[in-house]
Amino acid sequence: DQQVKQNSPSLSVQEGRISILNCDYTNSMFDYFLWYKKYPAEGPTFLISISSIKDKNEDGRFTVFLNKSAKHLSLHIVPSQPGDSAVYFCAASGLGTNAGKSTFGDGTTLTVKP
Amino acid sequence: DAGVIQSPRHEVTEMGQEVTLRCKPISGHNSLFWYRQTMMRGLELLIYFNNNVPIDDSGMPEDRFSAKMPNASFSTLKIQPSEPRDSAVYFCASSHAGLAADTQYFGPGTRLTVL
């Protein structure tokens, strides 16, 4: 049972437009969510996070929205730039058996076209 | 800080051989994680340590896989004997404190190819 799902394997957007990456989770014990970005031949790097007590967190061009009732979060990138082309992983951590570790989605490959 | 260091970066071996992957976490971090990334299964958590103690190894695929953390600055992931289906990129990550909200810092990965 996959607890964190990124249903879109890939997304292509034009430079300057908005990129929206989606993530769904099933475990109600998750209370902290993170997005990581991964370039080829490198490890994932932390991008932005959000606690379950919030519904929005913003950092420059990146905003993460959390809808707890729908168990859904999304990452918005505005405006998108060619350098944003990478694989984006959604991850969740929380209480109980999830404490101390993160569960990752399969990733979405974002391509930003010049 | 140099970040999480993994070695080797690439490993090509033949089926049946022993493979040892190495990781040096960021100094001061007390949690260490081993992941495997494949096209079919995405990013899987294999095992994680807190204060050098294995906490959850439920992701270790089978007895051929073993991991150790003899001290706070070093960990190994060993596969013996290796099989072609073990071919993947193996990542090590570290984080600070055992809180649920900790951010993980990943190494560059070891690309393993088993022929």
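Reference entry: report on the structure contained in this document. The model shown is predicted, which means the values in this text are computed figures rather than measured ones. (Residues numbered from 1 in each chain as written. Chains lettered and ligands numbered in written order. Predicted model: local features only at pLDDT ≥ 70, side-chain atom pairs only at ≥ 80, totals over all residues. Heavy atoms only, no water.)

Along chain B, the regular secondary structure elements total zero helices and eleven strands. Across chain B, helices and strands are ordered from the amino to the carboxyl terminus as β-β-β-β-β-β-β-β-β-β-β. Oriented by its inertia axes, the alpha-carbon framework of chain B measures out at about 40 × 30 × 25 Å. A total of 115 residues make up chain B; the buried ones form 50% of that total. Taking all contacts inside chain B whose residues are at least 6 apart in sequence as the whole, residues at least 24 apart take part in 55%. Summed over all atoms, the accessible surface of chain B reaches about 5,600 Å², with 52% contributed by carbon and sulfur. Distance between charge centroids for chain B: 4 Å, based on 10 positive and 12 negative side chains. (Helix = DSSP H or I, 4+ residues; strand = E, 2+ residues; numbered from the N terminus. Buried < 20%, exposed > 50% of the residue type's maximum accessible area, 1.4 Å probe, protein only. Contact = heavy atoms within 4.5 Å. Areas by Shrake-Rupley, 256 points an atom, 1.4 Å probe, with all protein chains shown as cover. Lys, Arg positive; Asp, Glu negative; His and termini not counted. Charge placed at Lys NZ, Arg CZ, Asp CG, Glu CD.)

This part is about the sheet that holds strand S1 (residues 4-5) of chain A. All names here are of chain A. Spatial ordering of the open sheet is given by S1-S3-S8-S7-S6, a layout of five strands whose pairing is antiparallel. With one partner strand each, in any of the chains shown, S1 and strand S6 (56-59) form the two edges of the open sheet. Pairing of S6 with strand S7 (residues 62-67) involves four bridges; the strand directions are antiparallel. The residue of S7 that forms the bridge with Asn-57 is Val-64. (Pairing = 2+ DSSP bridges.)

Let's shift gears to the pairing of S7(A). All names here are of chain A. Two successive antiparallel strands, S6 and S7, enclose a turn made up of two residues, where Gly-60 displays a positive phi of approximately 65°. Bridge count between S7 and strand S8 (residues 72-77): six bridges; the pairing is antiparallel. Within the sheet, the bridge partner assigned to Leu-66 lies in S8 and is Leu-73. Joining the antiparallel neighbours S7 and S8 is a turn of four residues, in which Lys-71 adopts a positive phi near 50°.

Once that is clear, we can look at the environment of Glu14(B). Tracing the sequence through the fold places Glu14(B) in the loop between strand S2 (10-13) and strand S3 (19-24). Setting aside its immediate chain neighbours within four residues, Glu14(B) contacts Ser82(B), Val114(B) and Leu115(B).

Before going further, it helps to examine the interface of chain A and chain B. At the interface, 19 residues of chain A touch 21 residues of chain B. Summing both sides of the interface, chain A and chain B together bury roughly 1,500 Å²; the carbon and sulfur share of this comes to 55%. Applying the counting rule to chain A against chain B returns one salt bridge. Across the pair Asp56(B) and Lys101(A) runs a salt bridge whose closest N-O atoms are separated by 2.5 Å. Our count for the chain A to chain B interface comes out at three residue pairs in polar contact (both at pLDDT 80 or more). Looking at the side of chain A that touches chain B, the elements that each hand over two or more residues are strand S4 (30-38) and strand S9 (86-94) of chain A. (Buried area = accessible area lost by both parts, 1.4 Å probe. Salt bridge = Lys/Arg side-chain N within 4 Å of Asp/Glu carboxyl O. Polar contact = N/O pair within 3.5 Å; in protein donor to acceptor, adjacent residues only side chain to side chain.)

Once that is clear, we can look at the sheet that holds strand S7 (residues 65-71) of chain B. Residue and element names in this part refer to chain B. Strand order in this open sheet of four strands is S1-S3-S8-S7, and the pairing throughout is antiparallel. Each edge of the open sheet is held by one strand with a lone partner, namely strand S1 (5-7) and S7. Direction aside, neighbouring strands of the sheet carry axes that sit 15° apart on average. The pairing of S3 with strand S8 (residues 74-79) spans five bridges and is antiparallel. (Axes fitted to C-alpha atoms, helices over the stretch in contact; angles between N-to-C directions.)

All right, on to the state of the cysteines then. Taken as a whole and judged by the stated rule, the model has two disulfides over all chains. For Cys23(A), the disulfide goes to Cys90(A), at an S-S distance of 2.0 Å. Of note, the bridge from Cys23(A) to Cys90(A) carries an S-S torsion of about -75° and is left-handed in sense. Residue Cys23(A) is located in strand S3 (residues 19-25), and its partner Cys90(A) is located in strand S9; the two are separated by 67 residues in the primary sequence. Exposure remark for Cys23(A): the relative accessible area of 1% places this residue in the buried category. By relative accessible area, which is 1% here, Cys90(A) ends up buried. Covalent S-S linkage joins Cys23(B) and Cys92(B), the inter-sulfur distance amounting to 1.9 Å. Classification of the bridge connecting Cys23(B) and Cys92(B) rests on its S-S torsion, roughly -65°, and on that basis the disulfide is left-handed. (Disulfide = S-S within 2.5 Å.)

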